[in-house]
Amino acid sequence: MTKERKAPSEGPEPLGDILKRVLDGRIFMLDCGHHADLYPGPGKDITIYNGKKPKIICSQCGY
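My aim in this report is to walk through the structure given alongside it, one point at a time. (Residues numbered from 1 in each chain as written. Predicted model: local features only at pLDDT ≥ 70, side-chain atom pairs only at ≥ 80, totals over all residues. Heavy atoms only, no water.)

### Overview of the overall build of the protein chain
Broken down by element type, the protein chain carries two helices and four strands. Shown N-terminal to C-terminal, the secondary structure of the protein chain runs as helices and strands in the order α-α-β-β-β-β. Per-residue burial for the protein chain yields a buried fraction of 8% across its 63 residues. For the protein chain, contacts bridging at least 24 residues in sequence account for 20% of all contacts bridging at least 6. (Helix = DSSP H or I, 4+ residues; strand = E, 2+ residues; numbered from the N terminus. Buried < 20%, exposed > 50% of the residue type's maximum accessible area, 1.4 Å probe, protein only. Contact = heavy atoms within 4.5 Å.)

### Here's the deal with the environment of Met29
Position of Met29 among the secondary structure elements: in strand E1 (residues 28-29). For Met29, a relative accessible area of 59% gives the class exposed. Counting along the chain gives 28 residues from Met29 to Ile57, while the straight-line C-alpha distance between them is 9.2 Å. Apart from residues lying up to four places away in sequence, Met29 is in contact with His34 and His35.

Put into structure tokens, the structure is as follows:
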């Protein structure tokens, strides 16, 4: 990370607001084949592997 990008980062609240607004009530199929409701509540924890095409899997399949 460069010095320019390192300078002030935002706290977790704005990210939580974005996730709530975009993901509330939606269910997604992950790359591992499982389904997850990512917001709110008891959904699954996910792992995101960055790359040309991000791979999103549930934590159970990440082990």
